[in-house]
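Summary of structural features
So you can see what is in the structure, the chains are spelled out below.
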Amino acid sequence: QVQLVESGGGLVQPGGSLGLSCAAERNIFGTLPMAWYRQAPGKQRELVASDGGGGSTTYADSVKGRFTISRVNTKNTMYLQMTSLKPEDTAVYFCSADLSGRRFWGQGTQVTVSS
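Figured I'd write up the structure that's included with this text.

Leu-4, Trp-36, Val-48, Phe-67, Leu-80, Met-82 and Tyr-93 are the most contacted members of the largest nonpolar core, which totals 28 residues. Residue assignment for this core shows that the elements contributing at least two residues are β3 (18-24), β4 (34-39), β5 (46-51), β7 (67-72), β8 (77-82), β9 (91-99) and β11 (109-113). Once residues lying within four places of it in the same chain are set aside, the contact partners of Val-48 are Trp-36, Tyr-37, Arg-38, Thr-58, Tyr-59, Ala-60, Val-63, Phe-67, Leu-80 and Tyr-93.

Mapped onto the secondary structure, Arg-71 falls in strand β7. Only 2.8 Å separates the side chain of Arg-71 from the backbone oxygen of Leu-32, close enough to count as a polar contact. Only 3.2 Å separates the side chain of Arg-71 from the side chain of Asp-51, close enough to count as a polar contact.

Here we come to the sheet that holds β3. Sheets are built from strands paired through backbone hydrogen bonds, the pairs being either parallel or antiparallel. Strand order in the open sheet formed by 4 strands is β1-β3-β8-β7, with antiparallel pairing between adjacent strands. The open sheet terminates on both sides in strands that have one partner only, identified here as β1 (4-7) and β7. Strand after strand, the sheet turns through a mean of 15° between neighbouring axes, direction not considered. The pairing of β3 with β8 spans 6 bridges and is antiparallel. Across the sheet, Leu-20 pairs through a bridge with Leu-80, a residue of β8.

On to the pattern of salt bridges, then. Scanning the entire structure with this criterion turns up 6 salt bridges. Glu-46 is the salt-bridge partner of Arg-38, the closest N and O atoms lying 2.7 Å from each other. In this structure, Arg-66 engages Asp-89 in a salt bridge whose closest nitrogen and oxygen atoms are separated by 2.8 Å. You can see Arg-66 sitting in the loop between β6 (57-59) and β7 and its partner Asp-89 sitting in the loop between β8 and β9, a full 23 residues away along the chain. For the pair Arg-66 and Asp-89, a shared accessibility class is recorded, and that class is buried.

Calculation notes
- Residues numbered from 1 in each chain as written.
- Predicted model: local features only at pLDDT ≥ 70, side-chain atom pairs only at ≥ 80, totals over all residues.
- Heavy atoms only, no water.
- Core = buried A, V, L, I, M, F, W, Y, C linked by side-chain atoms within 4.5 Å.
- Buried < 20%, exposed > 50% of the residue type's maximum accessible area, 1.4 Å probe, protein only.
- Helix = DSSP H or I, 4+ residues; strand = E, 2+ residues; numbered from the N terminus.
- Contact = heavy atoms within 4.5 Å.
- Polar contact = N/O pair within 3.5 Å; in protein donor to acceptor, adjacent residues only side chain to side chain.
- Pairing = 2+ DSSP bridges.
- Axes fitted to C-alpha atoms, helices over the stretch in contact; angles between N-to-C directions.
- Salt bridge = Lys/Arg side-chain N within 4 Å of Asp/Glu carboxyl O.

Laid out in structure tokens, this is it:
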């Protein structure tokens, strides 16, 4: 079992920046594949960015150049730095971790981009 807790969501104006954190409840990070997803109202959950654990990262085309995924294994924490935010970035953001063939999810944090 892996418990993940997201934080850092909130309301931000278009063009603004926001940082999200995902903390694990125990020291399981290491090379664990992790990712950020988001789900907007009425839409399917979509992959935003992933970190394979070996230094490889991927991004959805819609966020390339604006979002940065990173992790600090000694703090058991993963981050998502979001810049140049757009109203279409509004969603609930979830972090995930893959362990032993299972995907674990956090509870999600709301990000709202609006003026």
